Amino acid sequence: MASKFEQFADGLAALALERDHLVVHLADGPETSVAVAEIVMVETELHGVRLVLANGSELVTRPMDTLVTLGARLARHSRFVRANNTQLINLEYVNRIRPVVGGTYELLLEDDRVFELTMGFEAVKAYFGLASLEHVVPWNARLAAIVAEKLRTFEKDIRMMTDEEIRANFSTADGTQLVLREIVGNVLWQAYNWIHDGRLDPIEGNIRSLWYSHIKPLLARFYPMGDNLYKDLTETFSDYVGRLHIFRYADFGLIDDSGGMWQVGEKYPTIIVCAEKQGHWKPLQDLAAETGVTIIALGGQPSLMTTEFLVDGLLAKGVDPTSAFHLITDVDYDPSGNIIAKSFMGQLDKMGIQGAVERLDVIQPENFTPDEVKYFRVPVAALDKSSKSKTATWLDKRKSPFGGGLPGPDGQPVADGLESDAMPRSRRHDLIVSAIQAIVAAPAGEPWPTTRDRIEQSWPRPHSVWDGYEKRIESPHGHQRTARPQA
Amino acid sequence: MSLQSSLKRLGYSAAKREVVKARPVMVDDDLEKKLDEGLALLHTLVPPVRRVAVVLDGGGVQLLRPDEIVYFTPSGEADRRLWVYTADGKQYFNFSGLSDMQTLLAADVRFQRVHKSFLVNLEHVTSIAPLPDGRALHFAELPALAIPVPTDNLKILVSYFGVQI
């Protein structure tokens, strides 16, 4: 640290700059001296430049002055920064910096005037000693989310607030409209804090229970009831848990809405076998007993809450979340099955699994016999625009390495799929067990593609649906198959 | 003659020359004390740290002048928030540790860690009251506030205010 003498000298230097004056020639003739500290902004004029002073007055200089020449004369004052093409701003008058879309910023002055900051970012950071213009450093994303979502502490139970109080607390800035997300968010936030503080009993039900006890009676006072409002609750809840990490489902004492169809493996917890259908829960339990892997029956689109409970269960067993995980899926070979597996992987990431999750699908066309493919293939329903788009993505192997459809009469892929239940249960079991054994036996550090290829080569594959086709189609994993239209 | 008027007469370069010239002979406590006073005055005129960044509601950075800050104190919650209170009664926060903030403001002699949980701008102190185990700092701008100073830290007050407390 500088000695007191050096600090004193530096202080004097800063004070001298503070007292500095600038002599300018005005457009209408005379010269005038302006205290540099009083200049708020210098702006390009059609002829000359305009100085805006702290007392609100303005001075326009002679035509030969430009922003560049004035900037050069003010160069020793680090407080002046070229904020954009037409303005020099005195940073001493700036008290807020706000990021705007497109990677630029706004400089807000104490009197609420706003200027664009499209250049000179480093100069601004250096002047204020900031590590970032986006947010303070160090940064706490959770708390920032709480601020951004306008979650506040209310002493009064929000549900008991009068209509006037609700409107006063949760309306848009102009007071004309209620902000639904802000109401739902604050009710959840209050419930979370009150349960934490012991002022409210844990819900000990599911999200529906929370809807009936906390949200529906309140919203019914302001909105016509419909399923969309319940959806607003589940979406806000899921966003707060999965994306913003403001709280977790478990903090509310909610009961796992999957009915607990998951189980952490005793021997190989990082190998997860997931089934799309809850009807496969019993075979999954048998598999877990036989091999010691983690199992979960998703029941269609996975529930973020269930994934949270599963991840909590893994962590409680001492599993390192940075470990490499393997996900062996038993999902239908169709767009929905693919999306379910992808969603589940995304949820594992959101809920704290930081290691790579490698996916292996058991329900692949190559694991069916030709007759099974011929007779069990089913068209993928694509009734609306969204479904058609998902199906098109699934058919395109460049976008969906685990998709690709089945060959049509002309050898081109068509949107046909295969149900998981179309495969005999014993074969499904054997394929999964051999995959588990191969993963467990893989040498440490072996790249996943090598292990995966070894597993697929070891599987007794009845046939390739593309065998004999002339058209060559990219396989999910980079190698090619030969395809020819079936007779 | 006041420091401000002296500086105005001398200008920066001459003043710096005088300070450097005086350095070898400034050996006694009295001169050291005067230097402290001079620094405190300089810091009120030109703070060595220009701004303290706090969270801006809605995203971005709010910049507080050190002059307007009365004190810092950690929230004590798991979120590790550092509360910043200003003379107009408003409160802000960032995520710095109190010690990190103390380091940031080390060059500004007005800010002193008078208690393990409080970093205070002593310029805002308007009265000091006795406590059984130390003193309490009071502030005219924040009348409800009393920041405790344990006996072990009274030397900070003595040094800053230049009188026996």
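Residues numbered from 1 in each chain as written. Chains lettered and ligands numbered in written order. Predicted model: local features only at pLDDT ≥ 70, side-chain atom pairs only at ≥ 80, totals over all residues. Heavy atoms only, no water.

## Describing the overall build of chain B
Of the regular secondary structure elements, chain B holds five helices and ten strands. Burial status across chain B gives 45% buried among its 165 residues. Intrachain contacts of chain B at a sequence separation of at least 6 include 40% that bridge at least 24 residues. Element-wise, carbon and sulfur atoms account for 53% of the exposed surface of chain B, whose accessible area totals about 8500 Å². (Helix = DSSP H or I, 4+ residues; strand = E, 2+ residues; numbered from the N terminus. Buried < 20%, exposed > 50% of the residue type's maximum accessible area, 1.4 Å probe, protein only. Contact = heavy atoms within 4.5 Å. Areas by Shrake-Rupley, 256 points an atom, 1.4 Å probe, with all protein chains shown as cover.)

## Observations regarding the overall build of chain A
Counting secondary structure elements, chain A contains 15 helices and 21 strands. Considering only intrachain contacts with a sequence separation of at least 6, the fraction spanning at least 24 residues in chain A is 60%. For chain A, the exposed area adds up to about 22900 Å²; of that, 53% sits on carbon and sulfur atoms.

## Points about the confidence of the model for chain A
With 94% of its residues at a pLDDT of at least 70, chain A reaches an overall mean of 89. Across residues 469–487 of chain A the pLDDT falls below 50, and counting only partners more than four positions away or on other chains, this stretch makes 61 contacts in the model. (pLDDT = per-residue confidence, 0-100.)

## Here we look at the confidence of the model for chain B
Residues and elements named next belong to chain B. Predicted confidence across chain B gives a mean pLDDT of 85, with 79% of residues reaching 70 or more. Put simply, helix α1 (residues 3–10) is where chain B has its lowest mean pLDDT, 54, and strand β7 (residues 118–121) is where it has its highest, 98. Across the assembled chains, the prediction reports ipTM 0.81 with pTM 0.62.

## Structural notes on the pattern of salt bridges
Residues and elements named next belong to chain A. A complete count under the given rule lists 36 salt bridges over all chains for this structure. Its salt-bridge partner being D332, residue K277 comes within 2.6 Å of it at the nearest N-O pair. With K277 in the loop between β12 (268–275) and α9 (281–291) and D332 in the loop between β14 (325–330) and α11 (335–350), this residue pair connects regions lying 55 residues apart in the sequence. For D332, a relative accessible area of 7% corresponds to the buried category. Its salt-bridge partner being E446, residue R454 comes within 2.6 Å of it at the nearest N-O pair. By relative accessible area, which is 33% here, R454 ends up partly exposed. It is possible to trace a salt-bridge network through shared partners that takes in E43, E45, R50 and E58. (Salt bridge = Lys/Arg side-chain N within 4 Å of Asp/Glu carboxyl O.)

## A look at the side chain of E308(A)
In this fold, E308(A) is placed in helix α10 (residues 304–316). Here E308(A) sits buried without a salt bridge, and the closest side chain of opposite charge, R248(A), lies 4.1 Å off (N-O distance). (Lys, Arg positive; Asp, Glu negative; His and termini not counted.)

## Digging into the environment of M261(A)
Relative to the helices and strands, M261(A) is located in the loop between α8 (227–243) and β11 (262–263). With 17 residues separating them along the chain, M261(A) and Q278(A) place their C-alpha atoms 7.7 Å apart.

## Description of the packing of aromatic side chains
Across all of its chains, the model carries 20 aromatic pairs over all chains by this definition. With 5.2 Å between their ring centres and 80 degrees between their planes, Y127(A) and F128(A) make a pair best called edge-to-face. On the basis of relative accessibility, which here comes to 5%, the residue F128(A) falls in the buried class. Seen from their ring centres, F93(B) and F95(B) are 5.7 Å apart, and the 65 degrees between their planes marks the pair as edge-to-face. Judged on exposure class, the residue F93(B) and its partner F95(B) are both buried. (Phe/Tyr/Trp six-rings, centres within 6.5 Å; stacked < 30°, edge-to-face > 60°.)

## Some details on the environment of A87(B)
Its location among the elements puts A87(B) in the loop between β4 (82–86) and β5 (91–94). In the structure, A87(B) is positioned 55 residues away from L142(B) in sequence and 6.9 Å away in space, judged by C-alpha atoms.

## Quick word on the packing of α9(A) against helix α14 (residues 425–441) of chain A
Each pair of packed helices gets described by two things: the angle between the helix axes and the distance between those axes. Residues and elements named next belong to chain A. It is the contact of α9 with α14, at a shortest axis distance of 11 Å, that shows an interaxial angle of 35 degrees. α9 and α14 meet at a crossing whose hand is right-handed. Here P283, D286, L287, E290 and T291 of α9 lie close against α14, whose contacting residues are R425, H429, I432, V433 and I436. Classifying every residue of the contact of α9 with α14 by side-chain character gives five nonpolar, two polar and three charged. (Axes fitted to C-alpha atoms, helices over the stretch in contact; angles between N-to-C directions. Left-handed = near helix turned anticlockwise from the far one by under 90°. Nonpolar A, V, L, I, M, F, W, Y, C, P; charged D, E, K, R; others polar.)

## Considering the sheet that holds strand β13 (residues 293–297) of chain A
Residues and elements named next belong to chain A. The five strands are arranged β11-β13-β12-β14-β15 in an open sheet whose pairing can be described as mixed. Across the chains shown, the open sheet's two edge strands, defined by having one partner strand only, are β11 and β15 (357–361). The pairing of β11 with β13 spans two bridges and is classified as antiparallel. Across the sheet, residue Q263 finds its bridge partner in β13, namely I295. Together, β11, β12 and β13 form the strand contacts of α9, whose direction differs from that of β13 by roughly 175 degrees. (Pairing = 2+ DSSP bridges.)

## A look at the nonpolar core
Counting 111 residues, the largest nonpolar core has I97(A), F237(A), F247(A), F252(A), V114(B), V120(B) and L137(B) as the members making the most contacts within it. Those residues in contact with V120(B), other than ones at most four positions away along the chain, are V70(B), Y71(B), R110(B), F111(B), Q112(B), V114(B), V125(B), L137(B), F139(B) and I147(B). Among the nonpolar cores identified, the runner-up in size contains 34 residues, and V380(A), W394(A), L431(A) and I432(A) belong to it. (Core = buried A, V, L, I, M, F, W, Y, C linked by side-chain atoms within 4.5 Å.)

## Considering the interface of chain B and chain A
Each partner contributes to the interface: chain B provides 40 residues, whereas chain A provides 40 residues. At the boundary of chain B with chain A, total buried surface from both sides reaches about 3600 Å², with 68% on carbon and sulfur atoms. Counting the surface chain B buries against chain A, the share from its top three residues, R50(B), L63(B) and F95(B), is 18%. If you look at where chain B meets chain A, you find three salt bridges. Notably, a salt bridge pairs E110(A) with R65(B), separated by 3.2 Å at the nearest N-O pair. Inspection of the chain B/chain A interface yields seven residue pairs in polar contact (both at pLDDT 80 or more). Of all elements in the fold, only α1, α2 (12–22), α3 (29–45), β1 (52–55), β2 (61–64) and β5 of chain B reach the threshold of two or more residues within the side of chain B that touches chain A. Considering every element that reaches the side of chain B that touches chain A, the biggest residue donor is α3(B), with eight residues. (Buried area = accessible area lost by both parts, 1.4 Å probe. Polar contact = N/O pair within 3.5 Å; in protein donor to acceptor, adjacent residues only side chain to side chain.)

## Topic: the sheet that holds strand β7 (residues 87–90) of chain A
What holds strands together in a sheet is hydrogen bonding between their backbones, with the strands either parallel or antiparallel. All names here are of chain A. Strands sit in the order β5-β4-β3-β7-β6 across an open sheet of five strands; the sheet is antiparallel. Since the sheet does not close on itself, it has two edges, and those belong to β5 (58–60) and β6 (80–82), each with one partner. Averaged over all pairs of adjacent strands, the angle between their axes in this sheet comes to 20 degrees, without regard to strand direction. Note: strand β3 (residues 39–44) against strand β4 (residues 49–53), five bridges, orientation antiparallel. Each residue of the ladder has a partner; that of V42, found in β4, is L51.

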